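Architecture at a glance
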Amino acid sequence: MRQTLWFVIVTLVSVTFATPAYSLMGCEYVVSSTATVSTTDSITHITVTVHYTYYTWACSDTGTWQSGGGDPPPGGGSSPPPDPPGVGFSGISDENPEVPVITIYKTASVTSMKLYLDGALFKTLSAATTSVTLPSLRSMPNGKTLRLVGYTSQGLSAEATASIIVSGDVRSKSEVLLLEWFFETGGLTPEHGLYGYLRSISVLAGYTSYSGVSTFGRRNGRVQQHGVEDTIHYGPPNPDFGWESEYRMSSPRARNVFTEGICWINVFDSHAKHVSHCAEMDEFTIDGTSSSSFIPGGMRAPYAWGALGPANIYQGQTITIGF
Amino acid sequence: MPLAILFLMVFGAVGGHAMEPDDIVARVGERVIRFREIRCDRIWIKEMLHARNDSRPVDEACLDMEQARLDLVLKTELLERAVAVAGLDISDQDIAEQELPLVHDEAALSKYLEFSQAIPRAIARVRRGEDASVVYAAALAPLGIPRETFDSVSRMFDTQEKIDIYLKQDLREQTLSTLRRNARLAAVAARLVANHRAVAAGTARSASDVAAEFWKKLIAVTNTAIVAEGYRLPDPKEMP
């Protein structure tokens, strides 16, 4: 006679381990059925899926097998089989990319854990640990692996892995910059001159994602902006002009405005001239915000240093780029 | 020794501030470029230097600006003539590639024309007795037009007659004409860049050397010359 026992094994969806048959004090326990229940945490909004595993038992003290019938198995086999160890990463938050936090889960039998980063021991964790502060995402290159190993007092172990994936991309956008000057001429009244310049910005960015663990909270670590190039392409008859620009972004560290300095970018197109401004940011971007390169007006408008005099920026003063 | 030359030796090039508006600065063939076309606004220059904490003398900054304006006029005139000298065949397609979207966008063009009339209209209101600061705040600041630009352009429109003529002209046609001309000249410039690169390819010369040689020749055959002291021809190396 076989009986379903009362204990369950709990695992996370991100953890996989086998459901073995256990041999304990002359008894064998085998899986009879499983059930799955999902619950969602109200704070982290992470859904945890719990797998319940039911066992039946059969024991043999004398060489003759007997099945369980609702009572503890004979021969002293009153204890259920050990809870197989299980550990997992339940979520990761890079809301503060300088201090990302990973939350972990373990089964009851796990008494200690170790967290490894790229194979090197990062921290030894007690059974009570539910979250770990990781190094800044700045030091997490593509492919960085997190490995969590949980141990039971019976010497069993289980592990879970997750990895950090960083990919690079250049995000570009072009617009027409329209500048208007007023000129005195030989005619009866001043004239307005309107000149169009092709203006393009390119931002080198790194995108962080995770494998083996889901995220929670604002994804401020998703985009790290490394540098920007703001180039104006032109040729005659468009006049030269001096100009200033600044790059504006929203970063968790509140480093939001960067002065773009003159830089030399080799550009080959049909335009005779190219003037590029560059800035290095190396800042993470607050999730959901866009960034822009901006040419100020007023006395910082594009007319300084040997240009034509006071100009109006009619269009293209700000180029906004999303990530 | 003539007094003017002695003055130049002592004080350096004086640029345009000692010149009259109708004085001739340069010629491109029959085209005469007068000082009024390039003269700087000394009040604006002074404000700009102060705002930027720039220690250059006003005369020097003014001369730089006038030279930039002269470069613009000369390059425009020379590009017009480059078509014939270089034997270029500029197609409608070449020009279309250089045209601003504004040329074909009636709504955008109308919006710009409103913008281009904003300063002269504001100047007219001030001439009728309204307070300049109030007019600027209400009519120009929302358009992102700097106050210094308003003040400087106001000095250009120094008579009611100039404002009236400006506002009564066919600004739409004038603007389209200017934009089309700029597109044609940009097409010429792009063609010259391509030609100079093609000539330089496979030779020891760089494209910029080829370009400089072309512009020297163009300046010579078009009888382009500086007339007034203190100014110079555009650097051929800066040409397309």
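For the structure, see preceding data.
What this report covers is the structure whose coordinates are included nearby. These numbers were taken from a predicted model, which means no experiment stands behind them. Sequence order as written defines the numbering, with residues in each chain counted from 1. Going through the entries in the order they are written, you letter the chains from A and number the ligands from 1. Since the coordinates come from a predicted model, pLDDT governs what is reported: local features require at least 70, and pairs of side-chain atoms require 80 or more to be given and counted, while whole-chain, interface and lining totals use all residues. To obtain the side-chain values, all non-hydrogen atoms of the structure were included, while hydrogens and water were left out.

Comments concerning the layout of surface pockets
Stated formally: A 1.4 Å probe that fits but cannot get out identifies a cavity on a 1 Å grid over protein atoms alone, an open set with protein on both sides within 12 Å along at least five of seven lines counts as a pocket, and a residue lines either if it has an atom within 4 Å of a point. Grid points are joined across faces, edges and corners, and a volume is the space filled by probe spheres set on the points. When residue character is reported, Ala, Val, Leu, Ile, Met, Phe, Trp, Tyr, Cys and Pro are called nonpolar, Asp, Glu, Lys and Arg charged, and the others, Gly included, polar.
Reported here for the largest pocket is a volume of approximately 590 Å³. In terms of lining residues, the largest pocket is bounded by 22 residues, among which A:His271, A:Ala272, A:Lys273, B:Arg197 and B:Ser208 are the most central. Class assignment of the residues belonging to the lining of the largest pocket gives a composition of 11 nonpolar, 6 polar and 5 charged.

Quick look at the pattern of salt bridges
Keep this limit in mind: When a carboxyl oxygen of Asp or Glu is within 4 Å of a side-chain nitrogen of Lys or Arg, the pair counts as a salt bridge. Going along the chain from the N terminus, every DSSP run of H or I of four or more residues is numbered as a helix, and every run of E of two or more is numbered as a strand. Each residue is placed in one exposure class: buried if its accessible area under a 1.4 Å probe, protein chains only, is under 20% of its type's maximum, exposed if it is over 50%, and partly exposed if it falls in between.
Going through the model one piece at a time under the given rule, you end up with 30 salt bridges over all chains. Its salt-bridge partner being A:Glu159, residue A:Arg147 comes within 3.2 Å of it at the nearest N-O pair. Note that A:Arg147 is positioned in strand S10 (residues 144–152) and A:Glu159 in strand S11 (residues 157–183), a separation of 12 residues in sequence. Overall, the relative accessible area of 31% leaves A:Arg147 in the partly exposed class. A salt bridge links B:Glu80 to B:Arg184, with the shortest nitrogen-to-oxygen separation between them at 3.0 Å. Residue B:Glu80 is located in helix H3 (residues 58–86), and its partner B:Arg184 is located in helix H9 (residues 171–200); the two are separated by 104 residues in the primary sequence.

Side note on the sheet that holds strand S6 (residues 101–106) of chain A
Residue and element names in this part refer to chain A. Cut-off, in case you're wondering: A pair of strands counts as paired when DSSP detects no fewer than two bridges linking them. Axes here refer to lines fitted to C-alpha atoms; in helices the fit is confined to the stretch in contact. Angles between the N-to-C directions go from 0 to 180 degrees.
Pairing is antiparallel across the open sheet formed by 3 strands, whose spatial order is S5-S6-S9. Looking at the sheet topology across the chains shown, the edges are occupied by strand S5 (87–93) and strand S9 (131–133). Direction aside, neighbouring strands of the sheet carry axes that sit 25 degrees apart on average. Note: S6 against S9, 3 bridges, orientation antiparallel.

Concerning the nonpolar core
What counts here: Take the buried residues of types Ala, Val, Leu, Ile, Met, Phe, Trp, Tyr and Cys, join any two whose side-chain atoms come within 4.5 Å, and each joined set is a nonpolar core. Residues are treated as being in contact if the distance between any of their heavy atoms lies within 4.5 Å.
B:Val25, B:Ile33, B:Leu70, B:Leu192, B:Trp215 and B:Tyr231 are the most contacted members of the largest nonpolar core, which has 31 residues in total. Examining the composition of this core, we find that 7 residues originate from one element, H3(B), more than from any other. Leave out the neighbours within four places in its chain, and B:Leu70 touches B:Val25, B:Ala26, B:Ile33, B:Ile38, B:Ile226, B:Tyr231 and B:Arg232. A:Leu194, B:Ala122, B:Ile145 and B:Phe150 belong to the second-largest nonpolar core, a separate cluster that totals 30 residues.

Some remarks on the sheet that holds strand S1 (residues 24–28) of chain B
Residue and element names in this part refer to chain B. With antiparallel pairing, 3 strands are arranged side by side in an open sheet as S2-S1-S3. Across the chains shown, the open sheet's two edge strands, defined by having one partner strand only, are strand S2 (31–34) and strand S3 (224–226). Direction aside, neighbouring strands of the sheet carry axes that sit 20 degrees apart on average. Relative to S2, S1 runs antiparallel, the two being bridged by 4 bridges.

Overview of the state of the cysteines
Basically, it comes down to this: Cysteine sulfur atoms are paired as a disulfide whenever they fall within 2.5 Å.
This model, assessed by the stated rule, comprises 2 disulfides over all chains. Two residues, A:Cys263 and A:Cys278, share a disulfide whose sulfurs are 2.0 Å apart. Taking the sign of the S-S torsion, about 60 degrees here, the bridge from A:Cys263 to A:Cys278 comes out right-handed. Placement of the pair is A:Cys263 in strand S15 (residues 257–263) and A:Cys278 in strand S16 (residues 273–284), with a sequence separation of 15 residues. Here B:Cys40 is linked by a disulfide to B:Cys62, with a sulfur-sulfur distance of 1.5 Å.

Observations regarding the interface of chain A and chain B
Defined as follows: Simply put, the buried area is the total loss of 1.4 Å probe accessible area from both parts when two parts are fitted together. Side-chain atoms alone can form a polar contact between residues adjacent in sequence; in general such a contact is a pair of N or O atoms within 3.5 Å, and within protein one must be able to donate a hydrogen while the other accepts it.
Facing 40 residues of chain A, the contacting portion of chain B comprises 52 residues. When the two sides are added together, the surface that chain A and chain B hide from each other amounts to roughly 4,300 Å², 62% of it contributed by carbon and sulfur. Between the two partners, chain A and chain B, sit 2 salt bridges. Viewed at the interface, chain B and chain A are joined by 9 residue pairs in polar contact (both at pLDDT 80 or more). At the level of elements, S11, strand S12 (191–211) and strand S18 (311–315) of chain A are the ones that each hand at least two residues to the side of chain A that touches chain B.

So yeah, pure geometry; function would need other evidence.
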